[in-house]
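# Coordinate inspection notes
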Amino acid sequence: MNTSLISPQTVELVSLLTGQKLRKEDITPPLLFLAGLVTVLLGVMYADDTVSAEETQRLRTTFTELIPANNSLRQLVMLMVKGVRDRQVYNKVTVLLALTACFSEEEKLLLISFGYQMSAADGTIEERAKEYLKIIASRLGIDGRYLTVLEASFSNQSIRDTAALAEVHSLLDPARFQSLDSLFVRAASHIIEHLPAKPKQQTNRKQSVSSYQELKKFQEYRQQLDAVCGKLGLTLLDGSDRNVLSPNLTEEVAKISRKLQSQRFRVAVVGEFSKGKSTLLNALLGEEIQPVRDIPCSGTVTVLKYGPQQRVICKYTDGREEEISPDQYQEKASISEEAALGSFGDETVKSEITEIIFEHPNLELCTNGVEIIDTPGLNEQAERTLVTEQVLKTTDAVIFLTHAQMALTEKERELLLYLKQELNPGKDDEPAKNIFVLVNFADLLRREGSHKQARQRVEKFVSEKLIGGENRIHLISAQSALEAILDGTENEFVKSFQDFTKSLEQFLTVERGAIALRQSATGIKQIINACCDKLNQMREISEGKLTLSQGDKAKIFEEMAEASGRDVKIRLLANKLREESLEEARESWHEWVKILDDRMATKSKKWTSEHNHIWSQDKLIRDYAKQFVWELTQEIDVWSDQKMQFILKQKIETLDFKIKEEFYAIRQEFQEFDLRLSTSLVTQFNNLGIAKNLGGIGIGGSSIASSINSDIGGPGGFLGGLGLGGAVAAGLLFFAGLGIIPVILGGLAAGGGGAFGLGMLDVDGIHKQIKQKVVMLGYEKFNESSQSIFDKIQERIIAVFEERVETSSGAIAQAMSLWENLLEQQEKRDRQNQAECDTEKVWLAEKRRELEQVQNQIEAILNQSDRLIQ
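Presented here is a report on the structure given in the accompanying data block.

Conventions used here
- Residues numbered from 1 in each chain as written.
- Predicted model: local features only at pLDDT ≥ 70, side-chain atom pairs only at ≥ 80, totals over all residues.
- Heavy atoms only, no water.
- Phe/Tyr/Trp six-rings, centres within 6.5 Å; stacked < 30°, edge-to-face > 60°.
- Helix = DSSP H or I, 4+ residues; strand = E, 2+ residues; numbered from the N terminus.
- Buried < 20%, exposed > 50% of the residue type's maximum accessible area, 1.4 Å probe, protein only.
- Lys NZ or Arg CZ within 6 Å of the ring centre and 35° of its normal.
- Salt bridge = Lys/Arg side-chain N within 4 Å of Asp/Glu carboxyl O.
- Core = buried A, V, L, I, M, F, W, Y, C linked by side-chain atoms within 4.5 Å.
- Contact = heavy atoms within 4.5 Å.
- Pairing = 2+ DSSP bridges.

How two aromatic rings sit relative to each other is set out by the distance from centre to centre and by the angle between their planes. Inspection of the entire model under this criterion finds 17 aromatic pairs. On the numbers, 5.1 Å between centres and 75° between planes, the contact of W589 with W639 is edge-to-face. Pair noted here: W589 is in helix α22 (residues 550–604) and W639 is in helix α23 (residues 617–677), with a separation of 50 residues, a long-range link. Here W589 and W639 have matching classes, each one buried. Feature note: the residues W589, W592, W639, F782 and F790 constitute an aromatic cluster, connected by ring pairs. Above the face of the Y316 ring, R320 is positioned so that its terminal group lies 4.1 Å from the ring centre. A cation over an aromatic ring shows up here: R676 above the ring of F673, its NZ or CZ 5.1 Å from the ring centre.

Per the stated rule, a full pass over the model turns up 54 salt bridges. Ionic pairing is found between R539 and E543, a salt bridge with its closest N-O pair at 4.0 Å. The partner of E591 in a salt bridge is K594, with the nearest N and O atoms 3.6 Å apart. Remark: K594 and E591 occur in helix α22; sequence separation between them is three residues, near one turn of the helix. Looking at E591, the relative accessible area reads 49%, which means it is partly exposed. When its relative accessible area of 57% is taken as the criterion, K594 is described as exposed. Salt bridges sharing common partners tie together D238, R242, K828, E840, K847 and E850.

Now for the nonpolar core. In globular proteins that are soluble, nonpolar side chains generally tend to be buried together. If you look at the biggest cluster of nonpolar residues, it comprises 75 residues, and the most contacted ones within it are L110 and I112. In terms of residue count, helix α2 (residues 29–45) provides more of this core than any other element does, 12 residues in total. Setting aside its immediate chain neighbours within four residues, L110 contacts F33, L172, F177, F184, A187, A188 and I191. In terms of nonpolar packing, the next biggest core, distinct from the first, is built from 68 residues, Y212, L225, C314 and I858 among them.

Moving on: the pairing of strand β1 (residues 265–270). The element β1 is largely enclosed, with a buried count of six among its six residues. Here β1 shows no split at all, with F265, V267 and V269 on one side and R266, A268 and V270 on the other all buried. Both β1 and strand β6 (residues 370–374) contribute to a ladder of five bridges, which runs parallel. If you follow V269 over to β6, its bridge partner there is D374. As paired elements, β1 and strand β7 (residues 397–403) share four bridges and run parallel to each other. Across the sheet, residue V270 finds its bridge partner in β7, namely F400.

Below, the structure is given as structure tokens:
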């Protein structure tokens, strides 16, 4: 429905029919559709100049089924029935044309469908009612074949034109109406229930979306590299048993191996409700796994992945895991209709579920190492939205869905900008290559050039340094593609869907997989270099080229004791700085909370909503409640960015300087030994991964300060690691046990909507009252939970210091192991006779050959994997 076509005459007409003084912004799609529907239904009822009891009951039942109880639209419909009947508007086709001027083809067909249902209310379709429907259908431009289908459907006759029946099913598919309002979805579902089943083409095979050959090749290379780790691990274990190689090297190889074995691509499907997320997932998987309903379906994060057998696992907030049957899955993965439609009932059971894992042995894409994440919609209830925000932190790529008829609304543009920031922190000036925009429901674009216009609209926005890479925008129809896939047939939408999956596969293998393989290979090479340094040092000791004097040994013991003392100094300083930070943060937090209610009251004056306080007050309140949460989120972000960074930055820099100072001294001691005895302690120090673990303070890489600053001042701010920065309601949900929005809605409902004086003409005054109540209830709830939130902030402050201390302590322990190993090698050489020394040399040469073989195998794998990029 193109509401931009609503004219002043239409506004005046609807005002006349309802007896209310309306503005253009008050004319919503549901209201306009109901005005047209009342006109058509009364026209059918009065076509033969008599109204039967069955027709009156049908009229009442229709609006009862379409409009939920206690919705103010019911009162408006009663006013419109009176207005249309008194003015006999149903006899004026021009009035109906004015009401439907902005209707799409499917919306007009939906309207006339209810007319045919009304015409058959008393069992038979009267000729004058049939003639009336044909006249208005002709003026509305509805295909006569569709009228034949509707007439036959409601008079229980057979339908010969199965192609027309299939087209009617397609046009009235509830998914087409999801971008408008749930009223349209209910209306379409109601009509579909009364139509004969959609004819299906019979087939014996299911169409495959893609063979995913590139992903399969990547998995082969990954497995080959893991096998190399296994071979290298045996060499290192042998060296460790002989006290030649450090056990730390064996553990480092084991870490790389575990990473390779667990390596999966994670692809999240993100978008607002009604964009077709669940249908898209089913098309990607090649099966109807995800629940598809006419309301928000995804109640929690669902991870769809490969497993040797089909099973479903629920994970709960208290750490429990529960295996459920596949039959229970759709119930667990979805949300209640009341909650989806905005009820303020508390979804206690669903909120306890943190994640659902669905394993299956035959899901396309998943069998090739891809985990698909179905996220709660980003415009659904705040708690579900914030769960989605947490998922993005571990995602390789995001598929963002938008509706072809309203591609990239203003809110969706904001979401895309948010996704870019979350997925690519610290790269504001670089376009994101890991976001794919799917313009769904492309089958609804029937006008010439509409596909091109939709693509241009998306490209114009994303081209401004937002999304980079080739083939990141695709026009698809997930439903049409899914139907063809399940039927084993071909159509244009299967082809466009395959183009998308190919571009996604290309990104995962080339821009994620190949890079990951090289990173793992680089890690293995560093370990091999460390082994070679050790073996070289051992050979020189065995050959007598490197000998430690008693003075050297005494010096080493002295340096080991000094290194232990350095660790103690760092820990004492960190404890002191941590306690100072906690005290300052506590004082700052309490002062900030005291003035928060006044700040929120001031911000509320700028809140806006497209909803009317007369017939959509519940949505108006929800809008304000969401804006309260958003403003509260921003306030916490500002506090964390300004106050917490100020508190922590200087203290972290002080700790950083101390760590850097101590490790500089250790490196100088190693360097002194290297110069005097031709050892390779500095090189071993670097190759052990110490520089990597420390961020390389003074020994290469980025500084530890930059690592710490990423926690306290980088993208997402200090609180980003808490699940609070940009996600305050997540903190309330998990720390206080209940979200703010349901509390606000429940409090206002308990107070009674009438308290706001819905009949008053002082619109600004009413909105002010509602805002004040929202701020009061929201602040009360936040104040109850503020200590719980600050407890989490304290935990993060403690963790920032502990992480740095543990990292430096581990690095010092590895440095001490180099001294110990040098002593052990010398003592071993002192105990050996010549024969044992010769045997040792042979073993050393054998291990060098094994390491060279591993090195060659790695190069061969990398050369093969380079073909993924070509």
